[in-house]
Amino acid sequence: MPVVSTKEILDRAFDARYGVPAFNILNDLTIEAVLAAAVEEQAPVILQTSVKTVRMYGRDPLVAIFQALMRDIDVPVALHLDHCPERSVITECLEAGWNSVLFDAHELDVAENLRQTTEVVAEARRHGAHVEGEIEGIQGVEDGIGSDEASVQQSLEVAVDFIKRTGVDCFAPAIGNAHGQYTAAPTLDHQRVSDLVEATDVPMALHGGTGLSVEQFQDLIARGCAKVNISTALKERYMQSSLEFLREAEEKGKWDPPSLFRHQRAAVMEMAQRHMRLFGSTGRAW
Ligand code: 13P
């Protein structure tokens, strides 16, 4: 199975009520480890890139690494651009083959956001790609984008109107979720997910996945959160496993980079597989 459309991955998950993890990958090692986890679990998966990662690598080297590592992968995978407020970066990524984008225009007023998101949907369609929409900021700063302030929640009517009129394929509601580790267990507005799904029949994206409980994940996935974003957990496993390994390397005076890479890969794979099992995407590859 080559790269497939994000919409196909999400629609299947939405219909069968399982969640597909969307991991914010950082480099070749994390791309390869997440793909290996998906193969091991026979699970569909979404790899997403922050704007910061696109800038750090450069669009072309990043997409070339993704395509090279995808060559022998036999499970459905899509490449998604996470929170992007910049139309020029959206265009660059769509032109290079990203399967979907989150046009994050929550800082605009809703009418202007709706107007521009409609244009982004039309642009994406010309590339056979799909769009996630957002009208409220998700609390917390993710790779330099966002704010620590809780955002204003729009009414259900405004959100439903936005989803229907823009034609977005997926929607990211603010329900008390936040990027980064939670400082206290969050109280989530799960009813809002049910109300949005009932009114629109569009899959929801659950942001701020790191730190939610098993019950919260399962409840929100059952209500229609087909895409579940995980970033901080990947970053933490990647860096903490590196730290463990490097401390030991220092103690032993033994410096062998390939052993470090194996250690990091195993940690990222374990984290990814754990989320696939928890979200019910294991065994759902087609
Ligand atoms: P976490 O960093 O909390 O896992 O959130 C990820 C996310 O929502 C990316 O958009």
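Look up a bit, the structure's there.
First things first, this report covers the structure right here in the doc. Here the structure is a predicted model, which means the values were calculated and not measured. (Residues numbered from 1 in each chain as written. Predicted model: local features only at pLDDT ≥ 70, side-chain atom pairs only at ≥ 80, totals over all residues. Heavy atoms only, no water.)

What follows concerns the nonpolar core. The biggest cluster of nonpolar side chains holds 88 residues, and the ones touching the most others in it are Phe-23, Leu-47, Val-77, Leu-81 and Trp-98. The biggest single contributor to this core is helix 2 (residues 28–41), with 8 residues. Not counting the four nearest positions on each side in its chain, Val-77 is found in contact with Pro-2, Val-3, Val-4, Ile-9, Leu-35, Val-45, Leu-47, Phe-66 and Met-70. (Core = buried A, V, L, I, M, F, W, Y, C linked by side-chain atoms within 4.5 Å. Buried < 20%, exposed > 50% of the residue type's maximum accessible area, 1.4 Å probe, protein only. Helix = DSSP H or I, 4+ residues; strand = E, 2+ residues; numbered from the N terminus. Contact = heavy atoms within 4.5 Å.)

For the rest of this paragraph, the subject is empty space enclosed by the protein. This model, assessed by the stated rule, comprises 4 cavities of 30 Å³ or more. Every residue lining the largest cavity is counted, 15 residues in all, and those nearest its centre are Glu-142, His-179, Gly-208, Asn-229 and Ser-231. Counting only elements with at least two residues in the lining of the largest cavity, the list comes to strand 3 (77–84) and strand 10 (225–230). A class-by-class count of the residues in the lining of the largest cavity yields 2 nonpolar, 11 polar and 2 charged. Considering only enclosed or pocket space, the second largest cavity measures out at about 50 Å³ in volume. (1 Å grid on protein atoms, 1.4 Å probe; cavity = no way out; pocket = protein on both sides within 12 Å on 5 of 7 lines; lining within 4 Å. Points joined across faces, edges and corners; volume = space filled by probe spheres on them. Nonpolar A, V, L, I, M, F, W, Y, C, P; charged D, E, K, R; others polar.)

The geometry of an aromatic ring pair is captured by two quantities: the separation of the ring centres and the angle between the planes. Under the definition given, this model contains 2 aromatic pairs. Here Phe-162 and Phe-171 contribute two aromatic rings whose centre-to-centre distance is 6.0 Å and whose plane-to-plane angle is 55 degrees, an arrangement assigned as tilted. Residue Phe-162 is classed as buried on the basis of its relative accessible area, which comes to 0%. Of the residues examined, Phe-171 reaches a relative accessible area of 0% and is grouped as buried. Taking 4.7 Å as the distance between ring centres and 55 degrees as the angle between the ring planes, the aromatic pair formed by Phe-217 and Phe-279 counts as tilted. Taken as a pair, Phe-217 in helix 9 (residues 214–223) and Phe-279 in helix 11 (residues 257–279) lie far apart in primary sequence, 62 residues in all. One exposure class covers both Phe-217 and Phe-279, and it is buried. One cation-aromatic arrangement involves Arg-17 over Phe-14; the distance from NZ or CZ to the ring centre is 4.5 Å. Here the guanidinium or amino end of Arg-87 rests over the ring plane of Phe-103, the centre of that ring lying 5.9 Å away. (Phe/Tyr/Trp six-rings, centres within 6.5 Å; stacked < 30°, edge-to-face > 60°. Lys NZ or Arg CZ within 6 Å of the ring centre and 35° of its normal.)

Moving on, we get to the pattern of salt bridges. Taken as a whole and judged by the stated rule, the model has 17 salt bridges. Residue Glu-8 is joined to Arg-12 by a salt bridge in which the shortest nitrogen-to-oxygen separation is 3.4 Å. Note that Glu-8 and Arg-12 are positioned in helix 1 (residues 6–16) at a spacing of 4 residues, about one turn of the helix. With relative accessibility at 33%, the residue Glu-8 sits in the partly exposed group. (Salt bridge = Lys/Arg side-chain N within 4 Å of Asp/Glu carboxyl O.)

What follows concerns the packing of helix 5 (residues 87–96) against helix 6 (residues 110–126). Contact pair helix 5 / helix 6: the axes reach a minimum separation of 11 Å and the direction vectors enclose 15 degrees. In this view, helix 5 runs roughly parallel relative to helix 6, as classed from their interaxial angle. The element helix 5 and its partner helix 6 pack so that their crossing is right-handed. In this structure, helix 5 contributes Arg-87, Ile-90, Thr-91 and Leu-94 to the contact, and helix 6 contributes Gln-116, Glu-119, Val-120, Glu-123 and Ala-124. (Axes fitted to C-alpha atoms, helices over the stretch in contact; angles between N-to-C directions. Parallel < 35°, antiparallel > 145°, perpendicular 65-115°, else oblique. Left-handed = near helix turned anticlockwise from the far one by under 90°.)

In the vicinity of the ligand lie 15 residues, with Asp-82, Gly-208, Thr-210, Ser-231 and Thr-232 positioned nearest. Between an oxygen atom of the ligand and a main-chain N or O atom of Gly-208, the distance comes to 2.8 Å. For the ligand, an oxygen atom lies 2.9 Å from a polar atom in the backbone of Ser-231. When the free accessible area of the ligand is taken as 310 Å², the share hidden by the protein chains comes to 100%. Judged by the proximity of its atoms to the pocket grid, the ligand belongs to the largest cavity. Contributions of two or more residues to the shell around the ligand are made by strand 3 and strand 10. When its residues are assigned to classes, the shell around the ligand shows 2 nonpolar, 11 polar and 2 charged. (Near = heavy atom within 4 Å. Polar contact = N/O pair within 3.5 Å; in protein donor to acceptor, adjacent residues only side chain to side chain. Areas by Shrake-Rupley, 256 points an atom, 1.4 Å probe, with all protein chains shown as cover. Sits in = over half its atoms within 2 Å of the grid points.)

Here we come to unusual backbone geometry. Of note in this structure, Arg-17 is not a glycine but carries a positive phi near 55 degrees. Relative to the helices and strands, Arg-17 resides in the loop between helix 1 and strand 1 (20–24). Arg-17 sits in the partly exposed class, given a relative accessible area of 35%. Here Asp-201, not a glycine, exhibits a phi torsion of approximately 60 degrees, which is positive. One can find Asp-201 in the loop between helix 8 (190–200) and strand 9 (204–206).

Within the secondary structure, Ser-231 is located in the loop between strand 10 and helix 10 (232–252). Beyond its immediate chain neighbours, meaning those up to four positions away, Ser-231 contacts Asn-24, Glu-142 and Thr-210.

Below, the discussion takes up the pairing of strand 1. Buried residues dominate strand 1, accounting for 5 of its 5 residues. Burial of the side chains of strand 1 extends over both faces: Val-20, Ala-22 and Asn-24 are buried on one face and Pro-21 and Phe-23 on the other. Direction of pairing for strand 1 relative to strand 10: parallel, over a ladder of 4 bridges. Paired with Val-20 across the bridge in strand 10 is Lys-227. One ladder, built from 3 bridges, connects strand 1 with strand 2 (residues 45–49); its direction is parallel. Looking at the pairing, Asn-24 lines up with Gln-48 of strand 2. Following the chain from strand 1 across helix 2 to the adjacent parallel strand 2, one finds a crossover that is right-handed. (Pairing = 2+ DSSP bridges. Right-handed = clockwise from strand over helix to strand, strands pointing away.)

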